[in-house]
Every structure is written in C-alpha cells, then in structure tokens.
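Notes for the structure review
Now for the letters of each chain:
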Amino acid sequence: QKEVEQNSGPLSVPEGAIASLNCTYSDRGSQSFFWYRQYSGKSPELIMSIYSNGDKEDGRFTAQLNKASQYVSLLIRDSQPSDSATYLCAVEVNDMRFGAGTRLTVKP
Amino acid sequence: GAVVSQHPSRVICKSGTSVKIECRSLDFQATTMFWYRQFPKQSLMLMATSNEGSKATYEQGVEKDKFLINHASLTLSTLTVTSAHPEDSSFYICSARDRTGNHEQYFGPGTRLTVT
C-alpha cells in the first residue's frame, strides 16, 4: 500500500463548479497534512495546511481532515481555469511524503 | 510567505561532467532542506534530507557518492550531480523547512538539468 494515495485523474470540472480532490494515507501517526498545487513545468506551491480534524477554509479553498478514516480532501469552490494544475497531497510523520497528484482541468 | 531560491534554473551539461545546484532560503533560516527529483509526468521523489552541519540522509536507491549534498549554513544547501549521465536529466527541486518549527515546506523554483 502506498503511503499517500490520490486518484491520478484527470478530474475535469466546468468553470464555477466545485472541484473535490481526495487523499488517503496509511500512517496513523501522521500529524501534518498539506495540499500543494503544481503547474506544468513549475515547482509545487503550498496552498493549504491542516493539522486537526475538521475543516479549514482559506478563500475558495477548504481542506478537510478525518484522522479516524485517514482521509484528507481539498475542495475548490467557484473553480477557475487558472486552477487547472496538478494537486499534490502531502503527509508528514518524520518527513514529508507526497501522493502522485491529481490532475485537475477546469473548462471555461 | 517564505521564499526559496534555486540556481541555476536550467543547465545543460555534457555527459561525465559535474553540476552544482544551489538552494537558498531567502527570508528564513532552514534547519532542514530536502532535495527532490521529478521526471516528466511523475510525482516528486525525495532524494535526500539535508540538516545544517551534518551529513545528509539519502533515500534508498539514491547514490550518495553521485549526488553530493552540502548544507553549510542555515540558508544554503547545494546538490552536486557528479559524473552526470543522460539518465540524470530531470527536474531537481529543493525545499526548506523553517527552523521556527512550522512543519510547512517551501519549495524552490526547481532546476531543469539536461545531460547530453
């Protein structure tokens, strides 16, 4: 089992819709969870961090964490074409482990 | 937010030569820096973890004699690819963790290495 699993996608949503990105992890000792956005040919950019169960909102982004289910998600409201990118879920225990990423396409 | 720089952004070198990549945290001190490699359409692969003043910890399968890492200060880590070969061509990205204890990692812009 991979340490951090994400659906590779591609996930396609129309402009203005909600994009939902999911991630599961295997290590119950994980304490820190992150979502990064990576545009093609660029390095990852941190967009959200979450450390406790529940929801954390930042603008159009909401991260959700459920440690009992070992599940973390990212919701993007009012999706824009500029949100089209690969979204990486990262989980930290002793070091950071990344999922393979979900490719999101927002169609105008 | 925290800023991490990398230099050079692109480099082309001949097979058998060595290339040094610098990673700097510009507005914070980083006790730990990380080096990743990413091949096209693949995820990030952690190569090594670099702690200031100590030897780097390499991931399984990464040759420490080929990928030399030096973390000489709290703001600078370098990766040297020695005797580069075409299969080393990749996107190398560093990241840094703020020493204040924030678990967030901030990535540099990456270095695209092409070995001919």
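Everything in this summary refers to the structure shown in the same document. By convention here, each chain's residues receive numbers from 1 onward along its written sequence. Labels are handed out in written order, letters beginning with A for the chains and numbers beginning with 1 for the ligands. Where local features are concerned, this predicted model is filtered to residues with pLDDT of at least 70; where side-chain atom pairs are given and counted, the filter is 80 or more; whole-chain, interface and lining totals use all residues. Hydrogens and water molecules were not included; the side-chain quantities draw on all heavy atoms of the structure.

A few words on the overall build of chain A. Helix and strand counts for chain A come out as zero helices and eleven strands. With the principal axes as the frame, chain A shows a C-alpha extent of 40 × 30 × 20 Å. The buried share among the 108 residues of chain A stands at 44%. A 1.4 Å probe and the Shrake-Rupley method give the accessible areas. Residues count as covered only by the protein chains that appear here. With an accessible surface of roughly 5,200 Å², chain A has 45% of that area assigned to carbon and sulfur atoms. His is not counted here, nor are the chain ends, while Lys and Arg score as positive and Asp and Glu score as negative. Where a charge sits is defined by one atom per residue type, namely NZ (Lys), CZ (Arg), CG (Asp) or CD (Glu). Seen as two clouds, the 11 positive and the 12 negative side-chain charges of chain A have centres 4 Å apart. Secondary structure counts use DSSP, requiring at least four H or I residues in a row for a helix and at least two E residues in a row for a strand, with both numbered from the N terminus. Three exposure classes are used, based on accessible area relative to the maximum for each residue type with a 1.4 Å probe and protein chains only: buried under 20%, partly exposed in between, and exposed over 50%.

This next bit is on the state of the cysteines. In this description, the term disulfide denotes a pair of cysteine sulfurs within 2.5 Å. Following the criterion strictly, the structure yields two disulfides over all chains and no others. At a sulfur-sulfur separation of 2.0 Å, the disulfide partner of Cys23 of chain A is Cys89 of chain A. Between Cys23 of chain A and Cys89 of chain A the disulfide shows an S-S torsion of about -70°. By sign, it is left-handed. One end of the pair, Cys23 of chain A, is in strand E3 (residues 19–25); the other, Cys89 of chain A, is in strand E9 (residues 85–92), with 66 residues separating them in the sequence. Each member of the pair, Cys23 of chain A as well as Cys89 of chain A, carries the same accessibility label: buried. Covalently, Cys23 of chain B is tied to Cys94 of chain B through a disulfide, its sulfur atoms 2.0 Å apart. Residues Cys23 of chain B and Cys94 of chain B are joined by a disulfide whose S-S torsion is about 80°; by sign, that bridge is right-handed. Taken as a pair, Cys23 of chain B in strand E3 (residues 19–25) and Cys94 of chain B in strand E9 (residues 90–98) lie far apart in primary sequence, 71 residues in all. Across the pair, Cys94 of chain B and Cys23 of chain B agree in class, each one buried. The closest cysteine sulfur to the non-disulfide-bonded Cys13 of chain B is located on Cys94 of chain B, 18 Å from its own sulfur.

Residues and elements named next belong to chain A. Any two strands between which DSSP finds at least two bridges are classified as paired. One open sheet holds the five strands; their spatial order is E1-E3-E8-E7-E6, and the pairing between them is antiparallel. For this open sheet the edge positions go to strand E1 (4–6) and strand E6 (54–58), each flanked by a neighbour on one side alone. Taken pair by pair, the neighbouring strands of this sheet meet at an average axis angle of 20°, ignoring direction. In the sheet, strand E7 (residues 61–66) pairs with strand E8 (residues 71–76) via six bridges, with the strands oriented antiparallel. Looking at the pairing, Ala63 lines up with Leu74 of E8. Where helices are involved, their axes are fitted lines through C-alpha atoms of the stretch in contact, as for all axes, and angles between N-to-C directions lie from 0 to 180°.

Residues and elements named next belong to chain A. Examined against the element boundaries, Gln70 turns out to sit in the loop between E7 and E8. Any pair of nitrogen or oxygen atoms within 3.5 Å is treated as a polar contact; in protein, a donor-acceptor pairing is required on top of that, and neighbouring residues in sequence qualify only through side-chain atoms on both sides. Engagement of the side chain of Gln70 in a polar contact is seen with the backbone oxygen of Ser26, the distance being 3.1 Å. Of the polar contacts made by the side chain of Gln70, one reaches the side chain of Arg28; its length is 3.1 Å. Residues in contact with Gln70, not counting those within four places in the same chain, are Cys23, Thr24, Tyr25, Ser26, Asp27 and Arg28. It only takes one pair of heavy atoms within 4.5 Å for two residues to be counted as in contact.

On to the nonpolar core. All names here are of chain B. Only buried Ala, Val, Leu, Ile, Met, Phe, Trp, Tyr and Cys residues count toward a nonpolar core, and they belong to the same one when joined by side-chain atoms within 4.5 Å. Within the largest apolar cluster, 25 residues are counted, with the highest numbers of intra-cluster contacts made by Val4, Trp35, Phe67, Leu79, Tyr92 and Leu113. Secondary-structure elements contributing two or more residues to this core are strand E2 (10–13), E3, strand E4 (30–38), strand E5 (45–51), strand E7 (67–73), strand E8 (76–81), E9 and strand E11 (111–115). Contact partners of Phe67, with chain neighbours within four places excluded, come to Arg37, Met47, Tyr58, Val62, Leu79, Thr80, Val81, Asp88 and Tyr92.

Interpretation in functional terms is not warranted from these geometric data alone.
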